[in-house]
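# Observations on chain architecture
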Amino acid sequence: MMNLARDLAMTEHRPIKPGQRDAALRDYDSVRRAIGFMHSQWRDQPNIEAVADAASVTPDELYHLFRRWAGLTPKAFMQALTLDHAKHLLRDSASVLDAALDSGLSGPGRLHDLFVTHEAMSPGEWKTGGAGMELRYGFHPSPFGTAIVIASDRGLAGLAFSDPGDEQRAFADMSRRWPAATLTEDTPGTAGLAQRIFDSKLWRPDQPLRVVLIGTDFEVRVWETLLKIPMGRAVSYSDIACKIENPKAARAVGAAVGKNPISFVVPCHRALGKSGALTGYHWGITRKQAMIGWEAGHVGAN
């Protein structure tokens, strides 16, 4: 645990007070309901009054909620969810990905993104189901609901999300990925790591977030490619298949994207269908939409 402890010690850590935790979760619950309504009604471009009613808040509260949460107005966020916007994200995606690959991980092409350095677990370690691994986990508020942060002695090993009351089911889903590992709850010990992930002021190239990728060789290659997609951009599954020199493997790429154990940090939400469709997401399509819109606000602010 010493390397992880050293990395976290380099980061300013301000403990989240219970009131702040509850407020963050309430914010996302309102955002989730608003996004769900927008997703079902976006073709009609509903006004702010209708969206606010669906989220059980006033129009003024909704406006300030979205500005606080994503740096966007509700109208701008709705525009970020339209099919035209998704197609725009995919436009020239191949050249964008080429540029990202050429610049290297955490290079100039990632100025607006979470800086990450990674290593992959060896095939032997993966086959044993994590035997001998000691993992710590904690539940933390995030812009996308309760985050389940899983840390190994080498860095971040897992990140999942849940809605209120669903935390244990989401944790069980994650823990099945390492059936032979020892998992110990340590919410205070993983708090600094959670803060590094979700506080964009702590995204620094000189202190990259360390992650360990746990999967098959094919899955790891897909996840490494996802890491190189800049914030505010997206690629299709077929683009990724071409980049890993397996152009007929778009469906297998989609399966690997769905198995990504480090949501958000390894940005599987930036992988779209060829037509620009958002397709599925292991932690819910509404959460995928929330991530895309939240990132749109952060790219615009930088």
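The structure we're discussing is the one just above.
Residues numbered from 1 in each chain as written. Predicted model: local features only at pLDDT ≥ 70, side-chain atom pairs only at ≥ 80, totals over all residues. Heavy atoms only, no water.

## Considering the overall build of the protein chain
How we decide: By the criteria applied, helices consist of DSSP H or I runs no shorter than four residues and strands consist of E runs no shorter than two, each listed in order from the N terminus. The cut-offs for exposure are 20% and 50% of the maximum accessible area for each residue type, with area from a 1.4 Å probe on protein chains only; residues under the lower value are buried, those over the upper are exposed, and the others partly exposed. Two residues qualify as a contact provided that any one of their heavy atoms is within 4.5 Å of a heavy atom in the partner residue. Per-residue and other accessible areas follow the Shrake-Rupley method at a 1.4 Å probe size, with only the shown protein chains counted as cover for residues.
Secondary structure assignment for the protein chain yields 14 helices and eight strands. Across the 302 residues in the protein chain, those meeting the buried criterion constitute 50%. Within the protein chain, counting contacts between residues at least 6 apart in sequence, those at least 24 apart form 70% of the total. Carbon and sulfur atoms form 52% of the exposed surface of the protein chain, whose accessible area is close to 13,700 Å².

## Looking at the pattern of salt bridges
Cut-off, in case you're wondering: Note on definitions: salt bridges are taken to be side-chain nitrogens of Lys or Arg within 4 Å of carboxyl oxygens of Asp or Glu.
With the rule as written, the count across this model stands at 14 salt bridges. Asp173 is the salt-bridge partner of Arg176, the closest N and O atoms lying 3.6 Å from each other. Judged by relative accessible area, Arg176 falls into the exposed class, the value being 59%. Salt-bridge contacts for Asp173 lead to Arg177; the nearest nitrogen and oxygen are separated by 3.8 Å. The partly exposed category is assigned to Arg177, whose relative accessible area is 26%. A network of salt bridges, in which partner residues are shared, links Asp29, Arg32, Arg33, Asp163 and Arg287.

## Re the environment of Met38
Assignment of secondary structure puts Met38 in helix α2 (residues 18-41). Since its relative accessible area comes to 1%, Met38 is described here as buried. The residues contacting Met38, other than those within four sequence positions of it, are Val51, Phe66, Pro74, Phe77 and Met78.

## Points about helix α3 (residues 48-55)
Selection rule: Directions drawn from the helix axis to the C-beta atoms are what define this arc.
Turning to α3, its buried residues number three or more, namely Val51, Ala52 and Ala55. All buried residues of α3 fall inside an arc of 100° around its axis, so they share one side. Positive backbone phi, at 60°, marks Ser56, one or two positions downstream of α3.

## Section: the packing of α3 against helix α4 (residues 59-70)
For clarity, the threshold we go by: Structural elements are reduced to axes, namely lines fitted to C-alpha atoms, with helices fitted over the stretch in contact, and the angle between N-to-C directions of any two is expressed from 0 to 180 degrees. Here is the rule for angles: anything less than 35 degrees is roughly parallel, anything more than 145 is roughly antiparallel, 65 through 115 is roughly perpendicular, and the remaining ranges are oblique. Gly falls in the polar group here, along with every residue not listed as nonpolar (Ala, Val, Leu, Ile, Met, Phe, Trp, Tyr, Cys, Pro) or charged (Asp, Glu, Lys, Arg).
At a closest axis distance of 8 Å, the pairing of α3 and α4 adopts a crossing angle of 85°. Classed by the angle they form, the pair α3 and α4 counts as roughly perpendicular. Packed against α3, whose contacting residues are Ile48, Glu49, Val51 and Ala52, the element α4 presents Pro59, Leu62 and Tyr63 at the interface. Of the residues belonging to the contact of α3 with α4, the class tally is six nonpolar, no polar and one charged.

## What about the nonpolar core?
Threshold: Here the nonpolar core consists of buried residues drawn from Ala, Val, Leu, Ile, Met, Phe, Trp, Tyr and Cys, with membership extended through side-chain atoms lying within 4.5 Å.
Core analysis: the biggest nonpolar cluster contains 77 residues, and Trp69, Phe144, Leu156, Leu159, Leu226, Phe264 and Val265 have the highest contact counts within it. Setting aside its immediate chain neighbours within four residues, Trp69 contacts Tyr28, Val31, Ile35, Phe77, Pro143, Phe144, Ala290 and Trp294.

## Re the side chain of Thr187
Of note, Thr187 is situated in helix α10 (residues 187-198). Thr187 has contacts with Tyr137, Gly138, Phe139 and His140, leaving out every residue within four places of it along the chain.

## Concerning the environment of Asn260
We count it as follows: N or O atoms closer than or at 3.5 Å make up a polar contact, with two conditions inside protein: a donor-capable atom paired with an acceptor-capable one, and, for residues adjacent in sequence, both atoms drawn from side chains.
Along the chain, Asn260 turns up in the loop between α13 (250-258) and β8 (271-272). The exposure class of Asn260 is buried, given its relative accessible area of 3%. Between the C-alpha atom of Asn260 and that of Gly215, which follows or precedes it by 45 residues, the distance is 8.5 Å. Setting aside its immediate chain neighbours within four residues, Asn260 contacts Arg177, Trp223, Val266 and Cys268. Side-chain polar atoms of Asn260 contact the backbone nitrogen of Ile262, separated by 3.0 Å.

## Side note on the pairing of strand β4 (residues 155-162)
Both faces of the sheet carry side chains from a regular strand, because those side chains alternate between them. Stated formally: Two strands form a pair only when DSSP identifies at least two bridges running between them.
Most of β4 sits inside the fold, with eight of its eight residues counted as buried. Where strand β3 (residues 145-152) and β4 come together, seven bridges link them in antiparallel fashion. Across the sheet, residue Ile148 finds its bridge partner in β4, namely Ala160. In this structure, the hairpin formed by β3 and β4 is closed by a connection of two residues.

## Notes on the pairing of β3
Of all eight residues in β3, eight are buried; the element is thus mostly enclosed. The turn linking strand β2 (residues 134-142) back onto β3 is made up of two residues.

## Considering the packing of aromatic side chains
Note the cut-off: A pair of Phe, Tyr and Trp rings is counted when the ring centres sit within 6.5 Å of each other, with Trp represented by its six-membered ring. The angle between the planes then sorts it: under 30 degrees is stacked, over 60 is edge-to-face, the rest tilted.
Counted under the stated rule, the structure contains 15 aromatic pairs. Where Phe139 meets Phe171, the ring centres are 6.4 Å apart and the plane angle is 65°; that geometry is what we call edge-to-face. Of the two residues, Phe139 sits in strand β2 while Phe171 sits in helix α9 (residues 167-175), which places them 32 residues apart along the sequence. This pair shows no difference in class: Phe139 is buried, exactly as Phe171 is.

## What to know about the packing of helix α11 (residues 217-226) against α13
Where α11 meets α13, the closest approach of the two axes is 9 Å, and the angle between their N-to-C directions is 80°. With respect to each other, α11 and α13 are oriented roughly perpendicular. Residue-level contacts link Phe218, Glu219, Val222, Trp223 and Leu226 of α11 to Ala252, Val253, Ala256 and Val257 of α13. Its residues assigned to classes, the contact of α11 with α13 shows eight nonpolar, no polar and one charged.

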